[in-house]
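Summary of structural features
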Amino acid sequence: MKEILLLHGPNLNALGRRDPEIYPRITLPELEARVRAWAGERRWGLRAFQSNSEGALIDALQEAAEWAAGALVNLGALTHSSYALHDALLDLSRPVIEVHLSAISQREPWRRVSVIRPACRGFVEGRGVEGYRLALDLLAAAVAEDEEGER
Ligand code: DQA
């Protein structure tokens, strides 16, 4: 069975009480359960991890190289600044889809920049929880494309 990584960065553990004007009122465990169920519909397993620390996120990506078919990542504010996470995503050498609950392209100017995007095969923003389902579709397409290429 294929397994994918669902990786969340800083402050996403605060979902549920975080700025309700911008973020959906769902807790991170509830969101992870939702994505796990959607992955299950594809017969994919899911391992979820969240950290507020950049180093722990990099460690998780390095470890995922051993088992993951791909990853969905919402790296929170590190999206806009972390070249180290960009490099870790590249090094993973598996399809990665960048997801954001909010529409980062319509928020503050600094938030419109994603430094991890060049290391990702697709991105979804501003679709709330449903965005993770769309991201799974994009991930499935990228995984299938790579498998096709290997044949
Ligand atoms: C976020 C957007 C980021 O700018 C912010 O720092 C987050 C959440 C989103 O899901 O919309 O923590 O990644």
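Above this text sits the structure in question.
Notes on the structure in this doc start here. It should be emphasised that the depicted structure is a prediction, and the values quoted were computed from it without experimental measurement. Along each chain, the written sequence defines residue order, and numbers are assigned to residues from 1. Given that this is a predicted model, residues contribute local features only at a pLDDT of at least 70 and side-chain atom pairs are listed and counted only at 80 or more, while totals for whole chains, interfaces and linings are drawn from all residues. Remark: hydrogens and water are excluded; side-chain values derive from all non-hydrogen atoms of the structure.

1. With respect to the overall build of the protein chain
Secondary structure summary: the protein chain contains four helices and five strands in total. For the protein chain, whose C-alpha radius of gyration is 14 Å, the value lies close to the compact-globule estimate of 15 Å for 151 residues. Viewed in the frame of its principal axes, the protein chain has a C-alpha envelope of about 45 × 30 × 25 Å. Note on contacts: a residue pair qualifies if any of its non-hydrogen atoms lie within 4.5 Å across the two residues. In the protein chain, 76% of the contacts between residues at least 6 apart in sequence involve partners at least 24 apart. About 7500 Å² of surface is accessible on the protein chain, with carbon and sulfur atoms providing 47% of the total. As used throughout, the charge tally considers Lys and Arg to be positive and Asp and Glu to be negative, leaving His and the chain termini uncounted. The location of each charge is read from NZ of Lys, CZ of Arg, CG of Asp or CD of Glu. Averaging the locations of the 18 positively and 22 negatively charged side chains of the protein chain gives two centres separated by 5 Å. A run of H or I in DSSP becomes a helix once it reaches four residues, and a run of E becomes a strand once it reaches two; helices and strands are each numbered from the N terminus. Each radius of gyration reported is based on C-alpha atoms, and the globular scaling rule is 2.2 Å times the count of residues to the power 0.38. With residues, only the protein chains shown are counted as cover, and all accessible areas are computed by Shrake-Rupley using a 1.4 Å probe.

2. Topic: the site of the ligand
Close to the ligand lie P10, R18, Y23, N74, G76, A77, H80, H100, L101, S102, I104 and R111. Separating an oxygen atom of the ligand from a backbone N or O atom of A77 is a distance of 3.0 Å. At 2.8 Å, a side-chain N or O of H100 approaches an oxygen atom of the ligand. Here the ligand loses 98% of its free accessible area of 320 Å² to cover by the protein chains. Here a residue is near a molecule or strand as soon as one of its heavy atoms is found within 4 Å of it. Any pair of nitrogen or oxygen atoms within 3.5 Å is treated as a polar contact; in protein, a donor-acceptor pairing is required on top of that, and neighbouring residues in sequence qualify only through side-chain atoms on both sides.

3. Quick notes on unusual backbone geometry
Look at R43: it is not a glycine, yet its phi comes out positive at around 60°. Within the element layout of this structure, R43 appears in the loop between α1 (28–41) and β2 (45–50). To sort residues, take the accessible area from a 1.4 Å probe on protein chains only and compare it with the maximum for the residue type: under 20% means buried, over 50% means exposed, and anything in between is partly exposed. Residue classification places R43 among the exposed residues on the basis of a relative accessible area of 66%. Within the chain, S93 stands out as a residue other than glycine whose phi angle is a positive 55°. Note on placement: S93 falls in the loop between α3 (83–92) and β4 (96–100). Classification of S93 as exposed rests on a relative accessible area of 58%.

4. Some remarks on the packing of helix α2 (residues 54–64) against α3
Structural elements are reduced to axes, namely lines fitted to C-alpha atoms, with helices fitted over the stretch in contact, and the angle between N-to-C directions of any two is expressed from 0 to 180 degrees. Viewed as axis vectors pointing N to C, α2 and α3 meet at an angle of 5°, and their least axial separation amounts to 9 Å. Accordingly, the angle class assigned to the pair α2 and α3 is roughly parallel. Between α2 and α3, the contacting residues are E54, L57, I58, L61 and A64 on the first element and A84, L85, A88, L89 and L92 on the second. In this scheme, roughly parallel covers angles under 35 degrees and roughly antiparallel covers those over 145, while 65 to 115 is roughly perpendicular and the rest are oblique.

5. Observations regarding the sheet that holds β2
Being paired, for any two strands, means DSSP has found at least two bridges between them. Strand order across the open sheet formed by five strands is β2-β1-β3-β4-β5, with parallel pairing between neighbours. A single partner strand is all that each edge strand has here, and the edge strands are β2 and β5 (122–125). Direction aside, neighbouring strands of the sheet carry axes that sit 20° apart on average. The pairing of strand β1 (residues 3–8) with strand β3 (residues 70–74) spans five bridges and is parallel. Following the sheet pairing, I4 is matched in β3 by G70.

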